[in-house]
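What follows is the residue order along each chain.
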Amino acid sequence: MAPDEKELERKMDALARLAGGVAHDMNNMLGAIEGYATLSQRGLQPSSQLHSDMEEIRKAVARASSLTKRLTLFSSRQPAVKITVELPPLLEGLSARLGAGLPQEIRIERSFEPGLPEVQGDPQRLERLFSNLLLNAAGAMPAGGTIGLAAAEAGGFVKVSVSDHGQGMPPEVAEHLFEPFFTTKPKGKGAGLGLAEAYGIARQHGGRIEVSTAGGRGSEFSVFLPLPGKAVPS
Ligand SMILES: Nc1ncnc2c1ncn2[C@@H]1O[C@H](COP(=O)(O)OP(=O)(O)OP(=O)(O)O)[C@@H](O)[C@H]1O
Ligand SMILES: [Mg+2]
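As the structure is a computational prediction, the values presented were derived from the model and not from experiment.

### Some points on the pairing of strand β5 (residues 157-164)
Here comes step 1: Most of β5 is tucked away, with seven of its eight residues classed as buried.
Here comes step 2: In this structure, strand β4 (residues 145-154) lies alongside β5, joined through seven bridges in antiparallel fashion. What sits directly across from alanine 150, in β5, is serine 161.
Here comes step 3: Between β4 and the antiparallel strand that follows it, β5, lie two residues; glycine 155 among them carries a positive phi value of about 45°.
Here comes step 4: Where β5 lies against strand β7 (residues 218-226), eight bridges are found, and the strand directions are antiparallel.

### Section: the packing of aromatic side chains
Here comes step 1: One pass over the structure, following the stated rule, counts two aromatic pairs.
Here comes step 2: Consider the rings of phenylalanine 157 and phenylalanine 224, whose centres lie 6.1 Å apart with planes at 90°: the pair is edge-to-face. Of this pair, phenylalanine 157 sits in strand β5 while phenylalanine 224 sits in strand β7, and the two are 67 residues apart along the sequence.
Here comes step 3: A residue is classified by how much of its surface remains accessible, and phenylalanine 157, at 13% relative accessible area, is buried.
Here comes step 4: Under the relative-accessibility criterion, phenylalanine 224 is labelled buried at 8%.
Here comes step 5: Between the aromatic rings of phenylalanine 178 and tyrosine 199, the centroid separation amounts to 5.4 Å while the plane-to-plane angle is 50°, which identifies the pairing as tilted. Pair noted here: phenylalanine 178 is in the loop between α5 (171-174) and α6 (194-204) and tyrosine 199 is in helix α6, with a separation of 21 residues, a long-range link. Across the pair, tyrosine 199 and phenylalanine 178 agree in class, each one buried.

### So, the site of ligand 1
Here comes step 1: Taken together, 20 residues lie near ligand 1, and Asn136, Asp164, Thr183, Thr184 and Lys185 sit nearest.
Here comes step 2: Threonine 183 places a polar side-chain atom, nitrogen or oxygen, 2.5 Å from an oxygen atom of ligand 1.
Here comes step 3: Those elements that provide at least two residues to the shell around ligand 1 are α6 and β7.
Here comes step 4: When its residues are assigned to classes, the shell around ligand 1 shows nine nonpolar, eight polar and three charged.

### So, the side chain of serine 95
Here comes step 1: By the secondary structure assignment, serine 95 is in helix α3 (residues 87-101).
Here comes step 2: Within the local environment of serine 95, its side chain forms a polar contact with the side chain of arginine 110, the two groups lying 2.7 Å apart.
Here comes step 3: With residues up to four places along the chain from it excluded, the contact list for serine 95 reads Ile108, Arg110 and Leu149.

### Description of the environment of leucine 133
Here comes step 1: Structurally, leucine 133 is set in helix α4 (residues 123-139).
Here comes step 2: Leucine 133 gets classed as buried once you look at its relative accessible area, which sits at 3%.
Here comes step 3: Taking C-alpha positions, leucine 133 is 7.6 Å from glycine 194, a pair spaced 61 residues apart along the chain.
Here comes step 4: Leave out the neighbours within four places in its chain, and leucine 133 touches Val162, Leu195, Ala198, Phe221 and Val223.

### Let's talk about the domain arrangement of the protein
Here comes step 1: Under the domain assignment, the protein is made up of domain 1 (3-75) and domain 2 (83-226).
Here comes step 2: A straight line from the C-alpha centre of domain 1 to that of domain 2 covers 27 Å.
Here comes step 3: Contacts between the two partners involve 12 residues from domain 1 and, on the opposite side, 17 residues from domain 2.
Here comes step 4: For the pair domain 1 and domain 2, the summed buried surface comes to about 1,400 Å²; carbon and sulfur atoms form 64% of the total.
Here comes step 5: For domain 1, the biggest contributors to the area lost against domain 2 are Arg70, Leu73 and Phe74; these three give 46% of the whole.
Here comes step 6: Linking domain 1 with domain 2 are four salt bridges, by the criterion used here.
Here comes step 7: With its nearest N and O atoms 3.5 Å apart, the salt bridge here joins glutamate 9 to arginine 203.
Here comes step 8: For the side of domain 1 that touches domain 2, the secondary-structure elements that each account for two or more residues are α1 (3-42) and α2 (49-75).
Here comes step 9: If one sorts the elements of the side of domain 1 that touches domain 2 by residue count, α1 sits on top with seven residues.
Here comes step 10: For the side of domain 1 that touches domain 2, the residue count by class is seven nonpolar, no polar and five charged.

Cut-off values and rules
Going along each chain's sequence as written, the residues are numbered from 1 onward. Going through the entries in the order they are written, you letter the chains from A and number the ligands from 1. Only residues with pLDDT of at least 70 get local features here, since the model is predicted, and only at 80 or more are side-chain atom pairs given and counted; chain-wide, interface and lining totals rely on the full set of residues. The side-chain quantities take in all heavy atoms of the structure and omit both hydrogens and water. Only protein chains enter the calculation, and the probe is 1.4 Å; a residue is then buried if its accessible area is under 20% of its type maximum, exposed if over 50%, and partly exposed in between. Helix numbers and strand numbers start at the N terminus; a helix is a DSSP run of H or I with at least 4 residues, a strand a run of E with at least 2. A pair of strands counts as paired when DSSP detects no fewer than two bridges linking them. Centres within 6.5 Å are what make two rings of Phe, Tyr or Trp a pair, Trp counting through its six-membered ring; a difference in plane orientation under 30 degrees is then read as stacked, over 60 as edge-to-face, and the rest as tilted. Being near a molecule or strand, for a residue, comes down to having at least one heavy atom within 4 Å of it. Within 3.5 Å is the distance limit for a polar contact, defined as a pair of N or O atoms, with the added protein rule that one can donate a hydrogen and the other accept it, and that residues adjacent in sequence qualify only through two side-chain atoms. Under the grouping applied here, Gly and all other residues not named as nonpolar or charged are polar, the nonpolar ones being Ala, Val, Leu, Ile, Met, Phe, Trp, Tyr, Cys and Pro and the charged ones Asp, Glu, Lys and Arg. The contact criterion used throughout is that any non-hydrogen atoms of two residues lie within 4.5 Å. Reported domain spans reflect what an automatic or database domain assignment gives. Simply put, the buried area is the total loss of 1.4 Å probe accessible area from both parts when two parts are fitted together. Salt-bridge detection follows one rule: a side-chain nitrogen of Lys or Arg within 4 Å of a carboxyl oxygen of Asp or Glu.

Given below as structure tokens:
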């Protein structure tokens, strides 16, 4: 592994530990706020102002909980379950579902190597990983275009690539891509957690993500998932 990859891993592990610790404590506090708000609401007239104020508190707690859930997801060291996963049908289903929600000008072109070996993993988390990459690819092509989704065997790994023909990334963006909360999207549009999640999930599966990008010509994110029996310790 290249020294800067090791450095990135160390940095990401530290950030993930920090985020996971904060999320865990925050979850406990949110549980208390939610519990007391619910209890207080019970003694109030549903038509009262205080009742609707309590409802606002509960909605804010729900939003905060979904954020802490994302933080816990990428900072955990193990996938929740580990079963045999056939990637082509998983990718086929996911891209069909996501594609239906994307603008018509965006097409997903799939290419899966026949007889691709299975991997061991958590299908829900793997879907989440690939869906974050596909959504980013779509976001990089506001005027539309083709997203490439390919899967093939590559030296002890299954390699899944998501490529786009968007604007690419300048080095100052590429450098921070996987950091939690790093985003170039306007406020309210992106949390900056998609790639941190993707990175964390790849690591939980003993894999890694490689990025290549060329300004103005697009980007390619390649996820390497180890074949059973060939996993390298993460
Ligand atoms: N395919 C891509 N092309 C160009 N830039 C990208 C691409 N994928 C990611 N980026 C850049 O990396 C940043 C971080 O991506 P990430 O998915 O972590 O967060 P986000 O998309 O901004 O927000 P979220 O995924 O949480 O909704 C993006 O804001 C964007 O600047
Ligand atoms: Mg994203």
